[in-house]
Amino acid sequence: MGRTRRQRPGPDAPPVTTHARKRVRERLGLPARAVRRMAQRAWDEGKRLHELPTPVRLELLDRQRLHEQRTGTEAELVVYRGFLFLFNKYDRALITTFPVKTGKLTDDQQNSLY
């Protein structure tokens, strides 16, 4: 069978800040050309806060508040493949990404992050 070509992100793909590009490359180990595709997948397929178990949601809400206080920018949080993606609430630009800490979670709660 032949190789399938990866689709390029469409024109509706979220923009990616320079900081986010660096952090995705550093923390997820992706090449630069794959960062925008990952941002698109995270936005489309990721879980929003209301879809997560309560202990995870509370921890992430703290991160969201801290980010908004530091920067003055409202963020939308999306969890995708065990990473937290912070998107700007107004233009959907990817701001940064963090690994989700799972030390205090049950196995079912950890599985809900993937």
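For the structure given in this document, a descriptive report is provided here. Because the structure is predicted, anything quoted here is derived from the model rather than measured. (Residues numbered from 1 in each chain as written. Predicted model: local features only at pLDDT ≥ 70, side-chain atom pairs only at ≥ 80, totals over all residues. Heavy atoms only, no water.)

Moving on, we get to the environment of R25. Relative to the helices and strands, R25 resides in helix α1 (residues 18-28). Overall, the relative accessible area of 45% leaves R25 in the partly exposed class. Considered as a pair, R25 and V35 are 10 residues apart in the sequence and their alpha carbons are 7.3 Å apart. Residue contacts for R25: discarding those within four places in its chain leaves L30, P31, A32 and V35. (Helix = DSSP H or I, 4+ residues; strand = E, 2+ residues; numbered from the N terminus. Buried < 20%, exposed > 50% of the residue type's maximum accessible area, 1.4 Å probe, protein only. Contact = heavy atoms within 4.5 Å.)

This next bit is on the nonpolar core. Formed by 14 residues in total, the largest nonpolar core has its most connected members in V16, F85, F87 and L94. Every element with two or more residues in this core is listed here: α1, α2 (35-45), β2 (75-80) and β3 (83-88). Looking at which element gives the most residues to this core, the answer is α2, with 5 residues. For V16, the residues in contact, after removing those within four places along its chain, are R21, V35, R36, A39 and L94. (Core = buried A, V, L, I, M, F, W, Y, C linked by side-chain atoms within 4.5 Å.)

In this section: the pattern of salt bridges. Tallying each qualifying case throughout the model produces 5 salt bridges. The partner of E26 in a salt bridge is R23, with the nearest N and O atoms 3.0 Å apart. Here R23 and E26 lie together in helix α1, a separation of 3 residues that amounts to about one turn. Where R48 meets E76, a salt bridge forms, and the shortest distance between an N and an O atom there is 3.2 Å. (Salt bridge = Lys/Arg side-chain N within 4 Å of Asp/Glu carboxyl O.)

Everything listed is a geometric property; what it means functionally is a separate question.
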